[in-house]
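The residues making up each chain are set out below.
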Amino acid sequence: GDGIPKENSPFINNRESDKGNLYDGKNMALFEEEMDSNPMVSSLLNKLANYTNLTQGVIEHEEAENEDGVKKKTVQSPRMGTFIGVYLPCMQNILGVILFLRLTWIVGTAGIMESFAIVFMCCTCTMLTAISMSAIATNGVVPAGGSYYMISRSLGPEFGGAVGLCFYLGTTFAGSMYILGTIEILLVSVWQFTCLICWLLGYMLNNMRVYGTCCIVLMALVVFVGVKYVNKLALVFLACVVLSILAIYAGVIKTAFDPPDFPICLLGNRTLAGHNFDKCLKTEIVDNVTITTKLWSLFCDSNSLNATCNEYFKLNNVTEIQGIPGLASGVIKGKCFYNNLWSEYGPQGMLVEKKDQPSIPATETSYPSTLPYVSNDIATFFTLLVGIYFPSVTGIMAGSNRSGDLRDAQKSIPVGTIMAIATTSFIYISCVVLFGACIEGVVLRDNTLSWPSPWVIVIGSFFSTCGAGLQSLTGAPRLLQAIARDGIVPFLHVFGHGKANGEPTWALLLTAGICEIGILIASLDSVAPILSMFFLMCYLFVNLACAVQTLLRTPNWRPRFKFYHWALSFIGMSLCLALMFISSWYYALVAMMIAGCIYKYIEYRGAEKEWGDGIRGLSLNAARYALIRLEEAPPHTKNWRPQLLVLMNLDSEQSVKHARLLSLTTQMKAGKGLTIIGSVLEGAYLVKKQEAKRSEQNIKAAMATEKTKGFCHVVVSSNLRDGFSHLIQSAGLGGMKHNSVLMAWPSLWKQAEDPVSWRNFIEVVRETTAAHQALLVAKNIDAFPKNQERFSGGTIDVWWIVHDGGLLMLLPFLLRQHKVWRKCKMRIFTVAQMDDNSIQMKKDLQMFLYHLRLDAEVEVVEMHDSDISAFTYEKTLVMEQRSQMLKQMQLSRNEREREIQSITDESRSSIRRKNHSSWQPDGQEEHVVQLDDKQEDEAQLIHDRNTASHSALVAKANAAPDRVHMTWTKEKLISEKTRNREANVGVRDLFNMKPEWENLNQSNVRRMHTAVKLNEVVVNKSQEAHLVLLNMPGPPKNREGDENYMEFLEVLMEGLNRVLLVRGGGREVITIYS
């Protein structure tokens, strides 16, 4: 609601703290007028030294209150260094549940080689991402907000919001994964604790859901009560992780000289689970009597030696081997290492077998579920293991998330993060090799080495997963709060609020709810790929941000961390994308779809932000490259489309006069191509700059209302003529310039106080012709349809008189692409002279339209040579007399009106009919001039009545064409003229300057004859058309005939409602070729 918030800066435009500190020195008097906007260097450096970031994140920022509600004195938390602030948090977040619960299973399933490949790919991905992140983090001050802040400020609000929400969802599902890991440790390892309710629930997944829900409620309460408790426990949880890892290494070393006793029972080469039997024997001898064991009773129908037993049980012997032969045996003898080198993938329910053990296959292919075989819980394959393992390398953002609490973030974040990744990568890779060398493959799925006791691992991993879950529930709500407070996603605004101390209460509730969704899935192996997608999406855009900034070489891109390269970022980005689809292609598509929807939502509804992001710079570079390419050669005819410069008139309030021009532009362009809305203010720029800015805002508002996509350009010039000339010459940039000019017909040109308006119009016509630009002039523009209107039928009529490039035929096609004109039919009329074959012309035109792929009705109108009518002479006479008198006599406004009125009355009386119709065309405009006395009012009424009579005459002539061509002989004309003169002797005596018809300019007479005849034909054929497109004749080369040119055009369009005069730019714009 506050417009476009700017970045908080302690350096410039921060005047609040400077109020009252007026400059009173003499040394800098030359700059004293600019001190309010450009502070002195000393003031800037002082603000820089005192600038601090507000802590937003893991460190508790609430102020403690005593029982009386009085706030205690706030104690500022000490700034942290690299080891405490970055290295240890990253270690704690990276090392976790996957290491303790899934790494041995991954090694046992995928083998040492493929496990090494999985670990290497994931660690390489995070290392490259850390390098990119370090470059971004050291490019200026990083306020609290971590990865979201870096991505949003580097790639813009759309990408920042989309990736920020993905990172939030990833962190939230990570909390679900850690809680599920905690419950799995309880249910699997601490069996005595769970057996009391096993019989109640009866199903492992339900146990996970019940315990998980209870656990998340407790953790959410802890976070709600205060983050300081989480921070105090963080070091304890980290100590548990470190002790557990040390116990693993100690257990591996101990196996080298003292392997533990861990027997595994095999039937043939199949592994048996030792829960329901105590001895790995079929029979045993007790007191010289052979008796069967519990194992026998599991495979046979009785304890008798003659019992019917399972076929595979009868064919194969039972063998007991050591599950953990130890480091010396496994590596030196090479048995374990070699056997575990390759993968053992299989479907769900596949038996776990030791391949080098002898076995006699049985004919039966199925077996009862009661048999104590060890089998795969889920179907296993390489891509699944990648998705399950990747969460174990996430957590590299922990240091950047604490950027507000670091003593020197630009130094600590790169060093601490990269060292943590290097350490954890060594731990993972060494564990893969050591586990594969020390433990039999059939055991690797369920066991982890530890010393002095396996319970060290159980306890350590339990506290580790609890701590990681609390950290996720602490960090995710704050990330959501940061996104909500940025205001880029409107519907998240409620989550920006919290308790009085800033704690994100609502965000915590939403986070707990999303966590519960993950817990209801009740499978760590199913949740891990989900959060892998969101983290990989985040890392992908971190690499993209670094690559874009590096390639653009923006002036502000000056990272202190120098060991980066755009190629490394590109490789990291590609690796992230590959890992997404390797892990789960459908999860990857869903994650990308979610991010895409968020992106489009922010783009459509979100608040506008300008953060100087790299995508903006990328757009500028792409635009520059495209403009340079466009300028290399003019566009081909196939690519030609009208790139419009719309000359817009403004009223005295700087508001748009003819908004329908924008509607017509939208209907003509349909959002494609270039549109520049130009306007001119008369005056000096220094005086009119505020009016120019207001005019531009008003035009942009009108463009938004009419859905016109384009640019606005308001020019301040000493006069309108020069301003329009500047626009025609300089609007656009490089190869992206306009090729057509659209403007409204100056409908009041006759009543203007001075000839500037129509002279400006004619100059625009001349300049567009000189610039080889097309010109479109819309008459009665206010009668054109709005974008919301729809024509259910009707026609668009094209009068093709002369060929000037084919724009006349292209414009109706473009208009019919819009919903307003879609149902209108296109008709093309052309004019045939006496010596033309009209039938052949029609066939040729139809064939031409067929090759142009245009659907239109064709009609050829024949115009025979005829004598010039009296009306044409009278019209020419009125035109020349008006022009002559206005040049010779500098009359006052009232006198000029009387003179024009009397001449009009005299000319109209010569062709007046007895019966007048009251019909008047829609486009006929009446201009009422306020006169000072009663006689002037009477003269004005006569003028209005005669105008209506003349309009009725035109309509009647259209209905009866045989009466139009009342061609008189010279004698009849002179006698009729004499009679009319006698009736108006007073007027003739007053204006005795009127020339005789014989002295009229024959060129003007011929032009008027053409205009009258064409108007008669067009009105007859196209009076009911929704739009008429006409060739626009060019202005005279002799400037003395400019006013006559306006009269010709007025006569040509008389009696038509909507007219679009079209003048081509001198090149072909439509082609028959593909």
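Caption draft 1: The overall build of the protein, seen in detail. Scanning the protein for helices and strands turns up 35 helices and 15 strands. Look at the contacts in the protein between residues 6 or more apart in sequence, and 82% of them connect residues 24 or more apart. Counting only carbon and sulfur atoms, one obtains 57% of the accessible surface of the protein, whose full area is about 52,900 Å².

Caption draft 2: Highlighting the nonpolar core. Membership of the largest hydrophobic core comes to 149 residues, with the highest contact counts inside it found for Met-177, Tyr-389, Phe-390, Tyr-428 and Phe-541. When residues in this core are grouped by element, the largest group, 22 residues, is from helix α5 (residues 146-189). Contacts of Phe-541, omitting those with residues within four sequence positions, involve Ile-151, Leu-155, Phe-159 and Val-163. With 53 residues, the next largest nonpolar core counts Leu-776, Leu-810, Val-1062 and Ile-1070 among its residues.

Caption draft 3: View of the packing of aromatic side chains. On inspection of all chains with the given rule, the structure shows 22 aromatic pairs. Ring centres 6.4 Å apart and planes at 15 degrees place the aromatic pair Phe-173 and Phe-534 in the stacked group. A residue pair is termed long-range when its members are at least 10 positions apart, and Phe-173 in helix α5 and Phe-534 in helix α19 (residues 524-552) qualify at 361 residues. Accessibility classification places Phe-173 together with Phe-534 in one group, the buried group. Relative to Trp-821, the ring of Phe-791 lies with its centre 5.1 Å away and its plane at 55 degrees, an arrangement referred to as tilted. One end of the pair, Phe-791, is in the loop between β10 (774-779) and β11 (795-800); the other, Trp-821, is in the loop between α27 (807-815) and β12 (825-832), with 30 residues separating them in the sequence. Judged by relative accessible area, Trp-821 falls into the buried class, the value being 0%. Cluster of aromatic residues (ring-pair linked, three or more members): Phe-167, Phe-390, Phe-535 and Tyr-539. The lysine or arginine in question, Arg-270, covers the ring of Tyr-373, its NZ or CZ lying 5.2 Å from the ring centre.

Caption draft 4: A look at the environment of Thr-511. Its place among the elements puts Thr-511 in helix α18 (residues 505-521). Under the relative-accessibility criterion, Thr-511 is labelled buried at 0%. Here the alpha-carbon distance between Thr-511 and Phe-173, two residues 338 residues apart in the chain, equals 9.1 Å. Once you skip the residues sitting within four places of it in the chain, Thr-511 turns out to touch Tyr-168, Thr-172, Leu-473, Ala-476 and Pro-477. A polar contact is formed between the side chain of Thr-511 and the side chain of Tyr-168, at a distance of 2.9 Å.

Caption draft 5: The arrangement of the packing of helix α4 (residues 103-137) against helix α13 (residues 382-389) in detail. Orientation of α4 relative to α13, taken along the N-to-C sense of each, is 70 degrees, at an axis distance of 10 Å. As far as their axial angle goes, α13 and α4 are roughly perpendicular. As for how α4 packs across α13, the hand of that crossing is right-handed. Contacts between α4 and α13 pair Leu-103, Trp-105, Ile-106, Thr-109, Ala-110, Glu-114, Ile-118, Val-119, Met-121, Cys-122 and Cys-123 from the former with Phe-382, Leu-385, Val-386, Ile-388 and Tyr-389 from the latter. The class makeup of the residues in the contact of α4 with α13 is 14 nonpolar, one polar and one charged.

Caption draft 6: Just the environment of Asp-408, in detail. Mapped onto the elements, Asp-408 comes out in the loop between α14 (398-401) and α15 (409-438). A sequence separation of 328 residues divides Asp-408 from Met-80, and the C-alpha atoms of the two residues are 8.3 Å apart.

Caption draft 7: Quick look at the sheet that holds strand β14 (residues 1027-1031). Strands sit in the order β8-β7-β6-β9-β10-β15-β14-β11-β12-β13 across an open sheet of ten strands; the sheet is mixed. The open sheet has two edge strands with one neighbour each: β8 (711-717) and β13 (857-862). Looking at each pair of strands side by side, their axes are set apart by 20 degrees on average, direction ignored. On top of the sheet, helix α28 (residues 838-851) reaches β11, β12 and β13; it is set at about 150 degrees to β13, its chief contact.

Caption draft 8: A look at a nonpolar patch on the surface. Together, Leu-577, Phe-581, Trp-585, Tyr-586, Leu-589 and Met-592 line one region of the surface with nonpolar side chains, adding up to about 590 Å² of accessible area. The set of elements that each furnish at least two residues to the nonpolar patch consists of α20 (566-583) and α21 (585-605). Among the elements that make up the nonpolar patch, the one with the highest residue count is α21 (four residues). Looking at the secondary structure, you find Tyr-586 in helix α21. Given a relative accessible area of 46%, Tyr-586 falls into the partly exposed group.

Caption draft 9: Expanded view of the pattern of salt bridges. Across all of its chains, the model carries 14 salt bridges by this definition. A salt bridge links Arg-102 to Asp-525; the shortest N-O distance between them is 2.7 Å. Residue Arg-102 is found in the loop between α3 (97-101) and α4, and its partner Asp-525 is found in helix α19; the two are separated by 423 residues along the sequence. We note a salt bridge from Glu-353 to Lys-355, for which the minimum N-O separation is 3.5 Å. When its relative accessible area of 27% is taken as the criterion, Glu-353 is described as partly exposed. For Lys-355, a relative accessible area of 55% translates into the label exposed.

Caption draft 10: Examining the environment of Glu-320 more closely. With respect to the helices and strands, Glu-320 occurs in strand β5 (residues 318-322). When its relative accessible area of 52% is taken as the criterion, Glu-320 is described as exposed. In this structure, the C-alpha to C-alpha distance between Glu-320 and Leu-266, residues 54 residues apart in sequence, is 6.0 Å. Those residues in contact with Glu-320 that sit more than four places away from it in its chain are Pro-263, Ile-264 and Cys-280.

Caption draft 11: Quick look at the state of the cysteines. Inspection of the entire model under this criterion finds two disulfides. Two residues share a disulfide in this structure: Cys-265 and Cys-280, whose sulfurs sit 2.0 Å from each other. With the S-S dihedral at roughly 80 degrees, the linkage between Cys-265 and Cys-280 falls on the right-handed side. Of this pair, Cys-265 sits in strand β1 (residues 263-267) while Cys-280 sits in the loop between β2 (270-271) and β3 (283-286), placing them 15 residues apart in sequence. Judged by relative accessible area, Cys-265 falls into the buried class, the value being 6%. Taking relative accessible area as the criterion, Cys-280 reaches 11% and is therefore assigned buried. A sulfur-sulfur distance of 1.7 Å marks the disulfide that ties Cys-300 to Cys-309. Of note, the bridge from Cys-300 to Cys-309 carries an S-S torsion of about 105 degrees and is right-handed in sense. For Cys-300, a relative accessible area of 8% translates into the label buried.

Each value, and the rule that gives it
- Residues numbered from 1 in each chain as written.
- Predicted model: local features only at pLDDT ≥ 70, side-chain atom pairs only at ≥ 80, totals over all residues.
- Heavy atoms only, no water.
- Helix = DSSP H or I, 4+ residues; strand = E, 2+ residues; numbered from the N terminus.
- Contact = heavy atoms within 4.5 Å.
- Areas by Shrake-Rupley, 256 points an atom, 1.4 Å probe, with all protein chains shown as cover.
- Core = buried A, V, L, I, M, F, W, Y, C linked by side-chain atoms within 4.5 Å.
- Buried < 20%, exposed > 50% of the residue type's maximum accessible area, 1.4 Å probe, protein only.
- Phe/Tyr/Trp six-rings, centres within 6.5 Å; stacked < 30°, edge-to-face > 60°.
- Lys NZ or Arg CZ within 6 Å of the ring centre and 35° of its normal.
- Polar contact = N/O pair within 3.5 Å; in protein donor to acceptor, adjacent residues only side chain to side chain.
- Axes fitted to C-alpha atoms, helices over the stretch in contact; angles between N-to-C directions.
- Parallel < 35°, antiparallel > 145°, perpendicular 65-115°, else oblique.
- Left-handed = near helix turned anticlockwise from the far one by under 90°.
- Nonpolar A, V, L, I, M, F, W, Y, C, P; charged D, E, K, R; others polar.
- Pairing = 2+ DSSP bridges.
- Patch = residues over 30% accessible without salt bridge, like charges linked within 9 Å, V, L, I, M, F, W, Y side chains within 5 Å.
- Salt bridge = Lys/Arg side-chain N within 4 Å of Asp/Glu carboxyl O.
- Disulfide = S-S within 2.5 Å.

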